[in-house]
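# A look at the structure
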2 protein chains.
Amino acid sequence: MGAVDNTAIQRLLHPRSIAILGASDNPIKLSGRPIELMKRFGYTGRLLPINARRSEVQGLPAFRSLDDIDGDIDLAMVMLPADKVVDGVRDCAKRGIPAAIVGASGFAEVGGRGEALQQQLQDVIAETGIRVLGPNCLGMFSLRDRALPTFTSAMDNGGELREGPVSFVSQSGAFGTFIFSAAQAAGLGISHFLNTGNEADLSVAEVLGGLVETDETKVLMAYLEGVHHGRELLQVARRAHELDKPILAVKVGRSEAGARAAQSHTASLAGEDAVFDGATRQHGIVRLDGMEQLLDAGLVFADGRRARGRRLSTLSLSGGAGVLMADQASSNGLQVQPWDEAWQRRMAEVIPPFGSPRNPVDLTATLISDPGMLRRALEITVEHPGTDMIAVLLGNSDNASGPLIDAIEQAYRSTDRPLVVVWTGGSGRPRRRLQDLGIPCFTDPGRAAAALGKLADFSLRPPLPAAERPDDIDDQVVRGILRDARQQGRVQLNEYESSRLIAAYGVPCSGAFPADDPDSAVAAARDLGGPVAVKLLSDHIGHKSDIGGVRLGLTGDATIRTAAAELLDIAREAGDPAARLLVQRMAGGDTELIVGIKRDPAFGPVVVVGFGGVLVEVLADSQVGVAPLDAAASKRLLTSLRGSRLFGEVRGKPARDLDAAADVVARLSWLAHDLADDIAELDVNPLLLDQVGKGVVAVDCLAVLTKPEK
Amino acid sequence: MGAVDNTAIQRLLHPRSIAILGASDNPIKLSGRPIELMKRFGYTGRLLPINARRSEVQGLPAFRSLDDIDGDIDLAMVMLPADKVVDGVRDCAKRGIPAAIVGASGFAEVGGRGEALQQQLQDVIAETGIRVLGPNCLGMFSLRDRALPTFTSAMDNGGELREGPVSFVSQSGAFGTFIFSAAQAAGLGISHFLNTGNEADLSVAEVLGGLVETDETKVLMAYLEGVHHGRELLQVARRAHELDKPILAVKVGRSEAGARAAQSHTASLAGEDAVFDGATRQHGIVRLDGMEQLLDAGLVFADGRRARGRRLSTLSLSGGAGVLMADQASSNGLQVQPWDEAWQRRMAEVIPPFGSPRNPVDLTATLISDPGMLRRALEITVEHPGTDMIAVLLGNSDNASGPLIDAIEQAYRSTDRPLVVVWTGGSGRPRRRLQDLGIPCFTDPGRAAAALGKLADFSLRPPLPAAERPDDIDDQVVRGILRDARQQGRVQLNEYESSRLIAAYGVPCSGAFPADDPDSAVAAARDLGGPVAVKLLSDHIGHKSDIGGVRLGLTGDATIRTAAAELLDIAREAGDPAARLLVQRMAGGDTELIVGIKRDPAFGPVVVVGFGGVLVEVLADSQVGVAPLDAAASKRLLTSLRGSRLFGEVRGKPARDLDAAADVVARLSWLAHDLADDIAELDVNPLLLDQVGKGVVAVDCLAVLTKPEK
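As the structure is a computational prediction, the values presented were derived from the model and not from experiment.

## Side note on the interface of chain B and chain A
Of the residues lining the interface, 76 residues belong to chain B; the matching set on chain A comes to 77 residues. Summed over both partners, the interface of chain B with chain A buries about 5600 Å², with 61% contributed by carbon and sulfur atoms. Our enumeration of links across chain B and chain A arrives at two salt bridges. Here A:Arg447 and B:Glu292 are joined by a salt bridge, their closest N and O atoms 2.9 Å apart. On inspection of chain B and its partner chain A, the count reaches 24 residue pairs in polar contact (both at pLDDT 80 or more). Counting residues per element, the ones that place at least two in the side of chain B that touches chain A are helix H5 (174–185), strand S12 (247–251), helix H8 (256–266), helix H10 (291–301), helix H11 (319–330), strand S16 (389–395), helix H17 (445–459) and helix H22 (614–619) of chain B. Of the residues forming the side of chain B that touches chain A, the biggest block, nine residues, is contributed by H11(B).

## Quick word on the pattern of salt bridges
Residues and elements named next belong to chain A. All chains considered together, the criterion is met by 100 salt bridges over all chains. The partner of Arg375 in a salt bridge is Glu379, with the nearest N and O atoms 3.4 Å apart. Here Arg375 pairs with Glu379, and both are found in helix H14 (residues 371–383), just four residues apart, close to one helical turn. Its relative accessible area of 33% is what places Arg375 among the partly exposed residues. Shared partners join several salt bridges into a network, and the residues in it are Lys251, Arg254, Asp273, Asp277, Arg281, Arg287 and Asp289.

## What to know about the confidence of the model for chain A
Here chain A shows a mean pLDDT of 92. Residues at 70 or above account for 97%. Here the complex is predicted with pTM 0.92, and the ipTM for its interfaces comes to 0.91.

## A few points about the packing of helix H20 (residues 518–528) of chain A against helix H21 (residues 557–573) of chain A
Residue and element names in this part refer to chain A. Contact pair H20 / H21: the axes reach a minimum separation of 8 Å and the direction vectors enclose 135°. Taken together, the axes of H20 and H21 are oblique relative to one another. Crossing handedness for the pair H20 and H21: right-handed. The segment H20 lies against H21, with Pro518, Asp519, Ala521, Val522, Ala525 and Arg526 engaging Asp557, Ile560, Arg561, Ala564, Ala565 and Leu568. Among the residues forming the contact of H20 with H21, the class breakdown is eight nonpolar, no polar and four charged.

## Some words on the UniProt feature "domain: CoA-binding" (unreviewed entry) in chain A
The sites that UniProt annotates as "domain: CoA-binding" (unreviewed entry) are residues 12–107 of chain A. Within residues 12–107 of chain A, the helical portion is 25% and the strand portion 23%, while the C-alpha atoms at the span's ends are 22 Å from each other.

## Quick notes on the domain arrangement of chain A
Once the domains are mapped, chain A shows domain 1 (6–301), domain 2 (306–460), domain 3 (511–586) and domain 4 (591–705). Measuring from the centre of the C-alpha atoms in domain 2 of chain A to the corresponding centre in domain 4 of chain A gives 42 Å.

## Overview of the nonpolar core
Counting 294 residues, the largest nonpolar core has A:Leu374, A:Ile408, B:Leu374 and B:Ile408 as its most contacted members. If we skip the residues at most four places from it in the chain, B:Leu374 touches B:Leu315, B:Leu363, B:Leu367, B:Val392, B:Leu404, B:Ala407 and B:Ile408. Of all hydrophobic cores here, the second largest spans 100 residues; its members include B:Phe611, B:Leu641, B:Leu682 and B:Leu689.

## Topic: the relation of the copies chain B and chain A
Turning chain B through 180° and shifting it by 0.1 Å along the axis lays it on chain A, with an RMSD of 0.1 Å. What the rotation and shift describe, once combined, is the action of a two-fold rotation axis. Of all interface residues in chain B, 100% are interface residues in chain A too; the two copies therefore contact each other through one and the same surface.

## Comments concerning the pairing of strand S6 (residues 99–102) of chain A
Consecutive side chains along a regular strand alternate between the two faces of the sheet. All names here are of chain A. Taking every second residue as pointing to the same face, both faces of S6 are buried, with Ala99 and Ile101 on one and Ala100 and Val102 on the other. Pairing between strand S5 (residues 75–78) and S6: four bridges, direction parallel. Within S6, the residue paired with Leu75 across the bridge is Ala99. Viewed along the sheet, the connection from S5 through helix H3 (residues 82–94) into S6 turns out right-handed.

## Considerations on the sheet that holds strand S20 (residues 512–515) of chain A
Residue and element names in this part refer to chain A. Within the open sheet, the four strands sit side by side as S20-S23-S21-S22. Their pairing is antiparallel. Strands at the two margins of the open sheet, each flanked by one partner only, are S20 and strand S22 (550–554). Put simply, the sheet's adjacent strands are angled 20° from each other on average, direction ignored.

## Let's talk about the environment of B:Leu671
Residue and element names in this part refer to chain B. Within the secondary structure layout, Leu671 lies in helix H24 (residues 658–674). Leu671 gets classed as buried once you look at its relative accessible area, which sits at 0%. Residues Leu671 and Leu682, spaced 11 residues apart in sequence, show a C-alpha to C-alpha distance of 9.8 Å. In contact with Leu671, other than residues within four places in its own chain, are Leu501, Ile502, Tyr505, Ile597, Ile679 and Leu682.

## Points about the pairing of strand S1 (residues 17–21) of chain B
Residue and element names in this part refer to chain B. Counting buried residues in S1 gives five out of five residues, a clear majority hidden from the surface. Regarding topology, helix H2 (residues 33–41) serves as the crossover connection from S1 to the parallel strand S2 (residues 46–50), and that connection is right-handed. One ladder, built from four bridges, connects S1 with strand S5 (residues 75–78); its direction is parallel. Considered in S5, the bridge of Leu21 is made with Val78.

## What to know about a positive patch on the surface
Where like charges cluster on the molecular surface, the positive patch consists of A:Arg642, A:Arg645, B:Arg642 and B:Arg645. Residue placement: B:Arg642 occurs in the loop between helix H23 (631–639) and H24.

Conventions used here
Residues numbered from 1 in each chain as written. Chains lettered and ligands numbered in written order. Predicted model: local features only at pLDDT ≥ 70, side-chain atom pairs only at ≥ 80, totals over all residues. Heavy atoms only, no water. Contact = heavy atoms within 4.5 Å. Buried area = accessible area lost by both parts, 1.4 Å probe. Salt bridge = Lys/Arg side-chain N within 4 Å of Asp/Glu carboxyl O. Polar contact = N/O pair within 3.5 Å; in protein donor to acceptor, adjacent residues only side chain to side chain. Helix = DSSP H or I, 4+ residues; strand = E, 2+ residues; numbered from the N terminus. Buried < 20%, exposed > 50% of the residue type's maximum accessible area, 1.4 Å probe, protein only. pLDDT = per-residue confidence, 0-100. Axes fitted to C-alpha atoms, helices over the stretch in contact; angles between N-to-C directions. Parallel < 35°, antiparallel > 145°, perpendicular 65-115°, else oblique. Left-handed = near helix turned anticlockwise from the far one by under 90°. Nonpolar A, V, L, I, M, F, W, Y, C, P; charged D, E, K, R; others polar. UniProt positions renumbered as here; feature names shortened; annotations may be inferred. Domains from an automatic or database assignment. Core = buried A, V, L, I, M, F, W, Y, C linked by side-chain atoms within 4.5 Å. Least-squares fit on C-alpha atoms with pLDDT ≥ 70 in both. Pairing = 2+ DSSP bridges. Right-handed = clockwise from strand over helix to strand, strands pointing away. Patch = residues over 30% accessible without salt bridge, like charges linked within 9 Å, V, L, I, M, F, W, Y side chains within 5 Å. Areas by Shrake-Rupley, 256 points an atom, 1.4 Å probe, with all protein chains shown as cover. Lys, Arg positive; Asp, Glu negative; His and termini not counted. Charge placed at Lys NZ, Arg CZ, Asp CG, Glu CD.

As structure tokens, this is what we get:
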């Protein structure tokens, strides 16, 4: 994203003038709606209808063509039928308009002729440099300027627009506007809404990249059906991280059924969901499961407050609500701990004796007749040093709501800590009043807890992985191995080569020597010392162990010689008379990891970690990181595995050398990153973990190279 | 619950006459509110204010005392201060009133003097047989009769009461009424609401037991903070199961923080949450995590429809919403599968070519201008044999909502399959219209999916465990073992006794003989054949293996003799010269389970199962069943373990003998049930599972008896 591009996007986001190509005088027609909407809501810039046959459109002076307009035009809304779009966009570019929105459908999403049209559109874009949102999109809302180049019907239910710090980008048009409407109803103030549609040019990532730079956007929300420019998205995430602006994202296609449906809907294969999940977590993007979770998180993120920790204090009218909140806070990673005695005593002074000053603090229903109690209790809570976040739980009590809301507002203004209200039941008027005051308010304790949990996760997020390439990589060895294989036209590296490759990246491998015959196998075993494994080393035989091509734990010259001879016989029978042997030291350690490298279509080279052995089946759990990772991020990846207790002391067995394992994962991630064009796949299986301080060792490794181009 | 009691509860639930003791003329005072509410909403029975100083209360003729009233009185609402309650309730009982509600607080919940008062109240109840709801409760709402013996402020926001098939019992007063209000706002019609407060007499279980027998109650909802009469609750669950009436329950105290808060709030220690969880699942109770989940489930259960399977078909205005629904349905145990080709062709005939007929069916936004398409698409869906449930996903589109709602209503009336609507955004008017038509309607796909998932779980619930006691239990052996231990004043059974005890219940144990000296150990090993374990058998030494008191895999007379002698030496050194030896056949099988028996304060004897070995630490997973269980329920318990894949084929190892393990669990559950008064705790660890057909074997077992009374 160069500077020029971003300028174009900024003019798209804040257009001081909008030309509407194909503007209709009929405010009900799709091509009349943008003008109707901007007139209704009072667009603050110049609205320029283009209509070859009318001098006035919906009461505004209209222009025959773009050339009849004086001055800069920031944005064109192209409301032409699909087959006129390409010419229209070319005209816009000629006129020097930096950005256009194309609403029409009938492009790639319908296949055939539409695909050709989209290609033509892309050619014009490439040729002229104009930036395009769409086609097949509902357009944009910029609420500050009331710039509404859109034909949405989302604003047809009456009511005002609620402006605020949240910008929202959606790949889905209709569902995006449903979410927009639901957000407005939930009291969430919006800065911008954009629908990217077919993304012939501007992707969600680029739009987010533009939005993150705008002052009025403090929170970014995205609804994604598939991500094709994963690395761009992560770049934006880095920038958002720097600016401390959260990105809240829903991405569908998490389940098999959802992925199948998404593919059928967007007609394109996106990267794997697990990769998206790992990549976004690694980059501080807050992923939400659904629409309501997205909006709930939006509500607590919107006021810009951050949590210093996970300790939640709750004050409630009902002891029961407090207990439920304690449960739901816990299941969202928050802590609801009793206050220490001294603070309990302070709280006890202001609440009734049959209440509870412990936390959850039970103020009891006396609150309704004595709202001053809530004020006093909140003053103490705001002072309490062990409180990172505050939740006030109320319900019904419309008649008493005025002074209660005053007390809450006073507390809210007096602290920079996150404070939310849960107001269950009642008429809804108190909730709306709190929303108008900018205080996040929910109806359900669980939803408030989930949103606060996400806020804590974001507030306490780890730094993004640093780009610190290990300085001890033996690039010459690496180049040699790859060159040899390429020269021989192979894409499969054998186990010896694969191990040397990772060894060159500093990954400890169990010592091994290749051997051509039984005698050299015996010699190799003597050099290694201790028990050895003898394995077939073949460029042709795939699953060695299936044909008995692996012998473990051998000692003594005679045993090794016999095994070596037998293995070579097996290879001959299997059709590879050129097979050699690999003699390998038997490795110590008994916790097994599998570390793999692969390429994701959206995010490029990634590292996958999981437990090996029987736990693979039981846990069915792996974690993905985008390469490269530093050691800290690698360690987080490992400890986020479900079986991560295995790294600690288990049944008297000392803790495993997690740091050494993390170092290996980081090194392999650099290998994945450096050799992205050469390595298609690489698996270390198993990586054996010894106890703390004794390191790890890669026992088996196999790498597959990318197919040569052409 | 005898017949008489239930009559009293039925009169409480459907009072044709209600006396209000301590009725105030002031409608704003707590003691004036019940009359104000019943006048306002039009109670259909006789309302009888009792006030010693007034002949009229709030315009109604008042009575000096109960004795001045002619005819039956079904219910008394005792609105007297705490210290007058006991006399008041006694008066009610004397007057022949079968049930009373006590609103006053100041009883057990405040401790001290209050506890004494509650004891006095309980004495009167025991003496007279009157049934009491409360004290410290908000009372009851019976919406059909507009019987509102309650002083709640939940109805002060205006609006009508929405009557319906759902009855709701809450231990929490204030939060219960918040939930009631939220339910009404969500369109959920309520039959009864009762708050049980301190439960001096009527527990949630008993109230549910009364409600389940009422014709107008089709769905039971409960909000629980602690369960003290677990077995009674399960009895009600059995009855509800027979009547096909679901019980939807939220129980707080799931997390440690929540349990601590609940304990502080209700001042009583309830049973463990895991036991509640297992017991209720086993008995078909639908447990929900929070308030909104409870109400959402209520909405889909309220129309009484059941799912024949888990296959969901969705029709949506927006492809994006369909994809999200597919994801969220999957994560709630539902299946969203593409229809077969023939049905896709039928669907394709009625939808636009750029839509999708696969399922999720994407009708596209054309729907808004052609609502007939929704009607036609729904007709096909209703006919489609692979559709168990239907979800229609819409949004905004208020202006087009009339014909869309008509199409939905027509489809809803034409099928008995569950059908829900998700209408996101918009003004909310279409949602309210659908609710008024009795069609469940949500704003968020995820919430609809979660509720449908619960409906499927309930519809397809397994039968409740049958009470089939195995007929091969050797009761004589059992009695003998217990008698010996009791006579010797022991509460600890040694390993040999424990194994004989479970063997008498038909649990296969690895063969074992006790031995007093090395020679008899050798003889025992010969009798057993194969390798043996030799262990100390001591009534005094606890952790045998910690002091080297266990030797495994021994063969050969000499080895066994030496080991035996060494073990007896160890025992002498450890201070137990009377210790003996246990010689045990080494068992086959390598998947380890732990099966335990313990007593829960609320639910009595329970069985706990989990994986043994290293997986204990990794999975930290166990499942609890209430004794007795049949083999089918035992098997469900085992397969609900997180590591249950281990029962199947893993890495080429054949599947384990799950049926044999389930049989053992069932037998141990009968032991727990039969010997509930004698066995405090019993652990089989490990139970080794061999491959299918080869059975299981209990290797180690230790039982602890209950402490003798006094």
